Every structure is written in structure tokens, then in C-alpha cells.
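# Descriptive structure summary
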Amino acid sequence: MDITNKTPKNNPTRRQVIKTLGTVGALSSLSACSKISTILNKNYERPHSRTPFFAPRITRDKIVRVIVGLRPYRPSGFVVKREEYDKKNIVHNYGHGGGGISLSWGSSALAVHQAAGLPINQAAVIGSGIMGLTTARLLQDAGWDVTIYTRDITRHSVSNVGAGQWAPTSVFEEGVASKAFEEQYKYASRISHHAYQNLSGANYGIRFLENYYLSNNQNEEPYYLRELPELFSSIANLKPHEHPFPVPFVKRTVTMMIEPATFLRRVRDDFLLSGGHFKIRNFTHLDDILSLKEHTIFNCTGLGSKALFEDEELTPVKGQLVFIPPDPAIDYLTVGGGTDVTYMFPRKGEILLGGSGQKDDWSRNPEAEVTERIIEDNKNIFDNLRI
Ligand SMILES: Cc1cc2nc3c(=O)[nH]c(=O)nc-3n(C[C@H](O)[C@H](O)[C@H](O)COP(=O)(O)OP(=O)(O)OC[C@H]3O[C@@H](n4cnc5c(N)ncnc54)[C@H](O)[C@@H]3O)c2cc1C
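A quick note: this is a predicted structure, and the numbers were derived from the prediction, not measured.

## Overview of the overall build of the protein chain
- When helices and strands are counted, the protein chain shows 10 helices and 15 strands.
- The 387 residues of the protein chain split such that 40% are buried.
- Looking at the protein chain alone, contacts between residues at least 24 apart form 79% of all its contacts between residues at least 6 apart.

Quick look at the structure:
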């Protein structure tokens, strides 16, 4: 409502004068009518947050860190299956592309289920990323004595690079993955979502936030929003006056944001507290793995599975992230709205600006032109926020 342009047609009553004076008094600190309408425009309805939208202040001189991670991607989807080698069983749990954080508990539950019927004693888990840790924890809960063998400690894994939005995205290619895989994916998504919700509010670095999908075209919805809408709340396609973003198409959901550094540290600590052990070890050949003392072995090596198990389909999708210092006022996520992969996720300790997705690129070096593009795309959104 624009109160600034209203002129009473008739002489005002005493009551109307007092009411008007009261309003003017309350707004006395505002010098211009335009300011009043600006304030009113901030009242976009928000389903989760109780504060107005603020824009992250993005400038190049605020960049504190740029990192790269290689997503372990398979067009036909991730692998959860058991293979027998002489007297040993290897259960695979790898290849989760851009959605491994989201899928972790669910995919690992499927992996542990593969060991049903085997004698419960000692298990080896290879890999200390999110799949290795969640597999190990679920095995411990089922009574196994677990050792994690890993080349890199958790904080050097791809999982610690992951952005952390709960959205099982870029996990497989539709039309390439089988219908059976799609069912497995949906099952894992539901279990995982439930497990994360159980941990929300328990200091695992999980919280709910509004997420705004920005687009210049009316794109097809991603598979997970189409097929698993029940895992996202407050879903709505917003009209231009209902949001501050400078793009024609905006979809809103409320979803979980997982801070990998906090989450992984907590799960690692839970693993150690439950009697688990870590051993640093780099396996270069399947025979090395088969020489382990454990008879039940879980392969959670992510991209490492390509060489170890000759998985031709497994390929890296390089992702680059740029960080600026945190801003507690920013309480929503955005995805899209740029010229390439673009997102902004606020964390407690930093603001993350993404991203990129370069298939078959094994380089772990950040690229200056990608950083520049990420900054420019995010600046174009937030410098033009209608607030
Ligand atoms: C930029 C970026 C953004 C992302 N954003 C999201 C997101 O928002 N949401 C989401 O759900 N997912 C996201 N992901 C995807 C997610 O991070 C991955 O799918 C997930 O981390 C894969 O976990 P993992 O445990 O399988 O692999 P990794 O974390 O790579 O762990 C593999 C482990 O195996 C060990 N290993 C490998 N080879 C060997 C060997 N030969 N011998 C011994 N040990 C070995 C490694 O040392 C490591 O410990 C993102 C990824 C990237 C890169």
C-alpha cells in the first residue's frame, strides 16, 4: 500500500488528523516519501525467516579463499552393490556426483544392508569422506567393529569441499540411468533426508533455510523437485512482486543446509567415541585391498574407485568455490541466475559463492577466470536486489 500519495478528498475529521499525525510522527526520521515506499517494498513474504532480505556485499578484495573439488560422477548413477572375491566381500558405495552430502546416510544404509547375513565382526571401510564416515557409523550401530583405511584424512576429502545444500542434484543423467536406479536414488534420498532432520539442532551444522532458484528462462524442474517434492517445504513459484531478485523466474523452497566442516568433524568424533580406528593407507591395487585382515570391506573411495575397480564410467566434475567473510544478516540460499553454474550459500563462518561444473577435468587448480565469472554472476544478482 502506498500511503504517500493519498490526499483526503474532504476536510479531515479531528480523529483523522490525530491518526495522520501519529503516522507522521512514527515516520519522522524519514525525510523523503520515496524512502517510505522503499521500506514497504522490503516486506516480501518469507515463509521461514522473520527478517527482510539483505544482499551479501560482494567485492573482489573480500575473497579469502578459492577451492576446487572433483565430484565423483557416473551418468548411470552411484554404485551400491556387493561383490565376492574368494573369501572376501566388498560392498561398493561410491559415485554420488554432486549430491553425495545429501545422499550419504541413505546410500550408506543401502550399503550396510548389503552385508545382511554376513557374520557381524570386523569390517574395513576404505575412505574417510562422507560415505566412508556414515557407512562406518551405521556399521557400528549394527554391532560391527570398524576400521577406516584412508589415503586422506576427512578434512582433505572432496566431502569437505562440498557446498552442503540438501538437494540430491547432478547425481545421474535422466534417460541413461535405469528405472531401478531411480527407485534406489529416491529411497536413499528419503532415508538420508530423515536422518539429517533427526540431527538438525543437535550441533551437527545442519539448519533450515529458504532457497531461491533463480532463472532467466522457464526451465524444466530438476528431477529431485519433480519426484521428491515432499522433501521440500514451502515450495512456490513466485511472481515478480513477491521476491527481490532481478530475474523473471523464481522458485522457492525451504531446505536443509549442511556445513561439511562441522558435520564431518562431528560424525568423525562419533566414530572415534564408538571405538572406531583410522589407518592412513593408500591402496594402489585391488590385491592390496584383498590383503586386509577384515573379510567384509566397504569401498567408499569416491573417484578413487575408477583406478581401483576399473570403473570406466566414473568421471570427475570439477567444481570451484569462492569464499568471502560471513554476514549473519544473510539467511537464505540462491541457486542459478548467472551465466553458468551460480549459487550463494551463507555459512556460519563464511559466505560461499559458487560454482562450476567442468566434466572430465582432473585438475585441482583454481582458475582465475572461473573465480572472476563466479564473482561477476553473483554481483549481478546481489547488486541489483530490489530491496
Ligand atoms: C564444489 C562441490 C560442491 C558440492 N556441493 C554439494 C551440495 O551442495 N550438496 C551435496 O549433497 N553434495 C555436494 N557435492 C558433492 C559431494 O561433495 C560428493 O558427492 C561427496 O563428497 C562424495 O563423497 P565420498 O565420500 O564418496 O568421496 P570423497 O569425499 O572423495 O572421499 C573419498 C575418500 O576415499 C579415499 N580414497 C580414495 N582413493 C583411495 C585409495 N586409493 N586408497 C585409500 N583411500 C582412498 C580418499 O582419501 C577419501 O578419504 C559437491 C561437491 C563439490 C566438489
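## Let's talk about the environment of Asn378
- With respect to the helices and strands, the residue Asn378 is situated in helix 10 (residues 368–382).
- Given 23 C-beta atoms within 10 Å, Asn378 falls into the buried group.
- Sequence-wise, Asn378 and Leu353 are 25 residues apart; in three dimensions their C-alpha atoms are separated by 7.3 Å.
- Look past the residues within four positions of Asn378 in its chain and what remains in contact with it is Ile58, Thr342, Met344 and Leu353.

## Some points on the pairing of strand 14 (residues 351–354)
- Along strand 14, one buried face is formed by Ile351 and Leu353 and the opposite face, lined by Leu352 and Gly354, is buried too.
- Pairing of strand 13 (residues 343–346) with strand 14, which is carried by four bridges, proceeds in the antiparallel orientation. Bridge assignment links Tyr343 to a residue of strand 14, and that residue is Gly354.
- Hairpin connection from strand 13 to strand 14: four residues lie between these consecutive antiparallel strands.

## Here we look at the site of the ligand
- Residues in close proximity to the ligand total 40 residues, the closest being Gly100, Gly129, Gly162, Gly304 and Gly319.
- Those elements that place two or more of their residues in the shell around the ligand are strand 1 (65–73), helix 3 (100–113), helix 4 (130–141) and strand 11 (315–324).
- Class assignment of the residues belonging to the shell around the ligand gives a composition of 13 nonpolar, 23 polar and four charged.

## Description of the sheet that holds strand 9 (residues 277–280)
- The strand order across the open sheet formed by six strands is 2-3-10-4-5-9, and the pairing between neighbours is mixed. The open sheet has two edge strands, strand 2 (79–85) and strand 9, and neither has a second partner. When strand polarity is set aside, the average angle formed by the axes of neighbouring strands in this sheet is 20°.
- Sheet topology places strand 3 (residues 88–94) next to strand 10 (residues 296–299); four bridges connect them, and they run parallel.

## A word on helix 7 (residues 260–273)
- Over its 14 residues, helix 7 extends 19 Å from the first C-alpha to the last, a length consistent with the 20 Å expected when each residue adds 1.5 Å.
- Within the sequence span of helix 7, burial applies to Pro260, Phe263, Leu264, Val267, Arg268 and Phe271. One side of helix 7 holds all its buried residues, which, seen down the axis, span an arc of 130°. Relative to its buried face, helix 7 has exposed residues pointing more than 90 degrees away, namely Asp269, Leu272 and Leu273.

## Re the nonpolar core
- Membership of the largest hydrophobic core comes to 75 residues, with the highest contact counts inside it found for Val125, Ile126, Ile258, Phe298 and Leu353.
- If sequence neighbours within four positions are ignored, Leu353 has contacts with Leu321, Val322, Ile324, Met344, Ile374, Ile375 and Asn378.

## Considerations on the packing of helix 3 against helix 4
- The interhelical angle for the contact between helix 3 and helix 4, taken along N-to-C directions, is 40°, at an axis separation of 8 Å. With respect to their mutual orientation, helix 3 and helix 4 come out oblique. When the axes of helix 3 and helix 4 are compared, the crossing they make is right-handed. Side by side, helix 3 and helix 4 meet where Gly100, Ile101, Ser104, Trp105, Ser107, Ser108, Ala109, Ala111 and Val112 of the first sit next to Ile130, Met131, Thr134, Thr135, Leu138 and Leu139 of the second.
- Tallied by class, residues from the contact of helix 3 with helix 4 come to nine nonpolar, six polar and no charged.

## A short note on the environment of Lys293
- Relative to the elements of secondary structure, Lys293 occurs in the loop between helix 8 (286–290) and strand 10.
- Expressed as a C-alpha distance, the spacing of Lys293 and Gln122, which sit 171 residues apart in the sequence, is 8.8 Å.

## Observations concerning unusual backbone geometry
- Here Gly354 and Gly355 are connected by a cis peptide whose omega angle stands at -5°.
- With a phi close to 50°, Asp86 is a non-glycine residue in the positive phi region.
- Residue position: Asp86 is located in the loop between strand 2 and strand 3.
- Assessed through the 7 C-beta atoms surrounding it within 10 Å, Asp86 is described here as exposed.

## Quick notes on the packing of helix 4 against helix 7
- Relative orientation of the contacting elements helix 4 and helix 7 amounts to 35°, with a least axis distance of 10 Å. Pair helix 4 / helix 7 crosses with left-handed handedness. Residues Ile130, Leu133, Thr134, Ala136, Arg137 and Gln140 of helix 4 pack against Leu264, Val267, Arg268, Asp270 and Phe271 of helix 7.

About the criteria used
- Residues numbered from 1 in each chain as written.
- Predicted model: local features only at pLDDT ≥ 70, side-chain atom pairs only at ≥ 80, totals over all residues.
- Helix = DSSP H or I, 4+ residues; strand = E, 2+ residues; numbered from the N terminus.
- Buried ≥ 20, exposed ≤ 12 C-beta atoms within 10 Å, placed from the backbone.
- Contact = placed C-beta atoms within 7 Å.
- Pairing = 2+ DSSP bridges.
- Near = placed C-beta within 6 Å.
- Nonpolar A, V, L, I, M, F, W, Y, C, P; charged D, E, K, R; others polar.
- Axes fitted to C-alpha atoms, helices over the stretch in contact; angles between N-to-C directions.
- Expected span 1.5 Å × (residues − 1).
- Arc of directions from axis to C-beta.
- Core = buried A, V, L, I, M, F, W, Y, C linked by C-beta atoms within 7 Å.
- Parallel < 35°, antiparallel > 145°, perpendicular 65-115°, else oblique.
- Left-handed = near helix turned anticlockwise from the far one by under 90°.

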